[in-house]
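What the coordinates show
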2 protein chains.
Amino acid sequence: MRLTRAADYAIRVMIHLATFAPGDRVKRTEIVAASRCPEKFLSKVLQSLTRARLVTSYRGKSGGYELASAGRHASILEIVEALDGPIHLNACTGPEPDCPLQPTCPAHHVWIEAQSALVGVLERAKIENLAGLESRIAQGA
Amino acid sequence: MRLTRAADYAIRVMIHLATFAPGDRVKRTEIVAASRCPEKFLSKVLQSLTRARLVTSYRGKSGGYELASAGRHASILEIVEALDGPIHLNACTGPEPDCPLQPTCPAHHVWIEAQSALVGVLERAKIENLAGLESRIAQGA
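Residues numbered from 1 in each chain as written. Chains lettered and ligands numbered in written order. Predicted model: local features only at pLDDT ≥ 70, side-chain atom pairs only at ≥ 80, totals over all residues. Heavy atoms only, no water.

Some remarks on the relation of the copies chain A and chain B
Note: a rotation about an axis with an accompanying shift along it relates these two copies of the chain. At an RMSD of 0.0 Å, chain A and chain B line up after a rotation of 180° and a shift of 0.0 Å along the axis. Such values leave the two copies arranged in the relation of a two-fold axis. No C-alpha of chain A lies nearer the rotation axis than that of A:M1, which sits 1.9 Å from it. When the interface residues of chain A are mapped onto chain B, 100% of them again lie at the interface, so the same face is used by both copies. (Least-squares fit on C-alpha atoms with pLDDT ≥ 70 in both. Contact = heavy atoms within 4.5 Å.)

Here it is in C-alpha cells:
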C-alpha cells in the first residue's frame, strides 16, 4: 500500500513546473536538478504527465516543458492517477468489484471509508498551492 | 497503493473467528469455507496471525484456531500490519525517512495527512464490532 517512485517523482516535477509563470518553458536538465529524479524515471514520468495533458512538451532549441492549464489546477490525486492509475485500496473499492463476499462483507464499508479519506486528502492538495509553498520555503519565509 | 490479498484474507479470517465465543476452536476447513481463502494463502495468513499473537493455534484431534484475547480487540490496522508490515504511503512517512528533499518538500505534509486519515479509519474499525455486524447480516437483520 505505497505510492510508486514514478508517481512520487511526478509530483515533485509538477510542483517545480508550477513555480514558473505560464508560458515559461523549463529545460529537462533543470527539472532533473530540482526534482532529483533519475534519468531512467524522468522519461516515463514526463511521458505520463504529457499523455494526461497535465504537461505540454515542446521540441527544438527553445523547447522544454511547461505546465498545461489543467496541470496548474491539478490535485495530487490527479497526478498519482496519471502515473499509477485509479487508487483502489482493495479489490472491492474499484468500479467493477470482483469479490463474491461483498454483499455480506462487514469490512467492505471500512475500505470504502478508508479510500474516501485517503482520496479526499489527495484531492484537496492542489499543485498551485504546493508550488506557492515551495517558493515561500525557498525564500526562507 | 493496494492491500495485499493475504491481508484481505486475514481480515476475513479474523472476522469469522470473532463470531465464535472465547474458547471455541474453529477447524481449518470451516475457516476455508467461510473466508473463501485459497489453501495456498491460508497457511501464510494463519502463520502471520499466530506469530502476531492475534490467533492461537491448537494441534491434535480437538485442535483448531481460536482468536487470542488481543485478536478480539484488534483493529483492521493491526491485522494489515501483521501481514504487510507498517503502512507507509510514501518513503517520507516511515520512521526513517530517506529523502534528501524532505526538509523543504511542500508535499511532505500532504503524505503525512493522507497516511493519518487512512490509518485513522483502519484503527477505528475493530474486529469484534465487524464480527457483530457479520452475525446480524447473516441473520438478515
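Topic: the interface of chain A and chain B
On the chain B side, the residues contacting the 38 residues of chain A number 38 residues. Across the chain A/chain B interface, buried area totals approximately 3400 Å², and carbon plus sulfur atoms make up 73% of it. Applying the counting criterion to the chain A and chain B interface returns 0 salt bridges. In this assembly, chain A and chain B are joined by 4 residue pairs in polar contact (both at pLDDT 80 or more). No other element matches helix α6 (residues 108–124) of chain A, which puts 10 residues into the side of chain A that touches chain B. The class makeup of the residues in the side of chain A that touches chain B is 26 nonpolar, 5 polar and 7 charged. (Buried area = accessible area lost by both parts, 1.4 Å probe. Salt bridge = Lys/Arg side-chain N within 4 Å of Asp/Glu carboxyl O. Polar contact = N/O pair within 3.5 Å; in protein donor to acceptor, adjacent residues only side chain to side chain. Helix = DSSP H or I, 4+ residues; strand = E, 2+ residues; numbered from the N terminus. Nonpolar A, V, L, I, M, F, W, Y, C, P; charged D, E, K, R; others polar.)

Some thoughts on the packing of aromatic side chains
All names here are of chain A. Inspection of the entire model under this criterion finds 2 aromatic pairs over all chains. Summarising the aromatic geometry, the rings of Y9 and F41 are spaced 5.4 Å apart at their centres and angled 45° between planes, so their arrangement reads as tilted. In this pair, Y9 is assigned in helix α1 (residues 5–18) and F41 in helix α3 (residues 39–51), connecting sequence segments 32 residues apart. Neither Y9 nor F41 differs from the other in exposure class; each is buried. Its guanidinium or amino end placed over the ring of Y58, R25 lies 3.6 Å from that ring's centre, counting from NZ or CZ. (Phe/Tyr/Trp six-rings, centres within 6.5 Å; stacked < 30°, edge-to-face > 60°. Buried < 20%, exposed > 50% of the residue type's maximum accessible area, 1.4 Å probe, protein only. Lys NZ or Arg CZ within 6 Å of the ring centre and 35° of its normal.)

Details of the environment of A:L101
Position of A:L101 among the secondary structure elements: in the loop between α5 (76–84) and α6. Residues A:L101 and A:A18, 83 residues apart in the sequence, show an inter-C-alpha distance of 45 Å. Every residue in contact with A:L101, bar those within four places of it in the chain, is listed here: B:R12, B:A34, B:S35 and B:R36.

Quick look at the pattern of salt bridges
The tally for this structure, following the rule as stated, stands at 4 salt bridges over all chains. A salt bridge links A:D8 to A:R12, with the nearest nitrogen and oxygen atoms 3.6 Å apart. Residue A:D8 and its partner A:R12 are located together in helix α1, separated by 4 residues, close to a single helical turn. Taking relative accessible area as the criterion, A:D8 reaches 15% and is therefore assigned buried. Across the pair B:R28 and B:E39 runs a salt bridge, and its minimum N-O distance is 3.0 Å. Of this pair, B:R28 sits in helix α2 (residues 28–35) while B:E39 sits in helix α3 (residues 39–51), and the two are 11 residues apart along the sequence.

Quick notes on the packing of helix α1 (residues 5–17) of chain B against α3(B)
Packed helices, taken two at a time, are described by the angle their axes make and the gap between the axes. Residues and elements named next belong to chain B. Interhelical geometry of α1 versus α3 gives an angle of 70° and a closest axis separation of 9 Å. With respect to each other, α1 and α3 are oriented roughly perpendicular. Considering the relative orientation of α1 and α3, their crossing is right-handed. Across the interface between the two elements, R5, A6, Y9, A10, V13 and M14 from α1 touch F41, L42, K44, V45, L46 and L49 from α3. When grouped by side-chain class, the residues that make up the contact of α1 with α3 number 10 nonpolar, no polar and 2 charged. (Axes fitted to C-alpha atoms, helices over the stretch in contact; angles between N-to-C directions. Parallel < 35°, antiparallel > 145°, perpendicular 65-115°, else oblique. Left-handed = near helix turned anticlockwise from the far one by under 90°.)

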